[in-house]
Amino acid sequence: MGLLKSCGWVVLGVLLHASSAAAQIVNVQALFDEKAELGPAAAIELGGDWRTGSTELFSIRGSLVGQLRSERDVWLGVIRGEYSFASGERIVSQVLEHVRYRRRFNDRVSGEVFAQHEYNEFRRLQFRALLGAGPRFVLLNTEATGLTFGVALMVEHERLRKDGEVDAGDRYTDPRVSSYLLARVKLMENINLVETVYFQPRVTRPSDLRVLNETLFAVTPNPRVTVGIGFNLTYDSAPPATVPPLDTQLRTTVGVKF
C-alpha cells in the first residue's frame, strides 16, 4: 500500500481466507513509499467480512500508517487492529503498533531503529514488545526491479496470557536476529510484484526460528484505483501451547485515491 502526499488512501479490503492465528513477524518494509515527496504522508486501510446463513461471521480490521520524510531521514508509524466473531464467539482479537526510523548514509546503505508492541489473544500473547536496530542495503534499484537486504539485532519480550494451558503466564526475554530480503518487480505497466522474506532465529538457540514469506500483486487499472492481492505464509518453530506452527493468509484490497 503506497503512502500518499496529503489526504492519503482509503482502502476497502475483502478478507478471502485467514488462519486462526496471525503472524508475529510484521512486514513494514512494503509500507514505505520510496518515491514519496518530502514531508508527511498518511494512509488508512479498512476491511471487513460479513456472512450470514450457513456461516455466521463478522470481521473488521483496519490500520493507520504515517510517514515523515526528509532528505536523509524517514519515520514510519503503523497501528493495526483486527476483530472477528463467528457464531457469536470471538475468533480473532489483535492489536499492534510499530515505529521505525531510517537514516540514509548513501544511495546504497541505511540504518534502521525500530520498536513494536503487540497483543494477540489467539496466539495467547498478552504482551509482546521488541526493540532492534541494524543496517539496510539496496542491492539493486532500477525502474523495473529492486532488491533490498536488511538485518537487525533485536531484543524481544513476551508474556503469555494466564489461562488453563501448561505454559500459562510464562515470560520470555530473548535476543533474535531479524533479516529480510525485499524484491520488487514491475511485471507490466500497471502490475507490480512485491516479494518479502523474513528470517528471525533466536540468538541463544538458532533452531527456535520464525519465518514470514509475503507475496503481493498490485494492479493499478487507473491513477485513482489500486487492487492488491496478497498471500502470507508464516512459520514459528516454537509457538505457545495449542498454537499451530504454520499459518497462511490470503487477502485482497482495493485502494481509492481522492
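Numbers given to residues run from 1 along each chain, matching the order in which its sequence is written. Given that this is a predicted model, residues contribute local features only at a pLDDT of at least 70 and side-chain atom pairs are listed and counted only at 80 or more, while totals for whole chains, interfaces and linings are drawn from all residues. The side-chain quantities take in all heavy atoms of the structure and omit both hydrogens and water.

You'll find the protein entered in an unreviewed UniProt entry as DUF481 domain-containing protein, with Corallococcus macrosporus given as the organism.

Examining the pattern of salt bridges
The term salt bridge refers to a pairing of a side-chain nitrogen on Lys or Arg with a carboxyl oxygen on Asp or Glu at a separation within 4 Å. Per the stated rule, a full pass over the model turns up 19 salt bridges. Here Asp-73 makes a salt bridge to Arg-103, at a shortest N to O gap of 2.8 Å. With Asp-73 in strand 4 (residues 73-86) and Arg-103 in strand 5 (residues 89-104), this pair connects stretches of sequence that are 30 residues apart. Only protein chains enter the accessibility calculation, which uses a 1.4 Å probe; a residue is then buried when its area is under 20% of its type maximum, exposed when over 50%, and partly exposed in between. The class of Arg-103 is partly exposed, set by a relative accessible area of 32%. Between Arg-124 and Asp-167 there is a salt bridge, with its nearest N and O atoms 2.8 Å apart. Here Arg-124, found in the loop between strand 6 (109-120) and strand 7 (125-141), pairs with Asp-167, found in the loop between strand 8 (145-160) and strand 9 (171-188); they are 43 residues apart in sequence, far enough to count as distant. Each member of the pair, Arg-124 as well as Asp-167, carries the same accessibility label: buried. Secondary structure elements follow DSSP: runs of H or I no shorter than four residues count as helices, runs of E no shorter than two count as strands, and numbering proceeds from the N terminus.

Points about the pairing of strand 5
Whether two strands pair comes down to DSSP finding at least two bridges between them. Summarising the sheet, strand 4 and strand 5 pair through 14 bridges and their orientation is antiparallel. Note that in strand 5 the partner of Val-74 across the bridge is Arg-102. Where strand 4 hands over to strand 5, the hairpin turn is made up of 2 residues, of which Ser-87 adopts a positive phi near 50°. Of the pairings in the sheet, the one linking strand 5 to strand 6 comprises 11 bridges and is antiparallel in character. Among the inter-strand pairings, Arg-102 is bridged to a residue of strand 6, identified as Glu-112. The turn linking strand 5 back onto strand 6 is made up of 4 residues.

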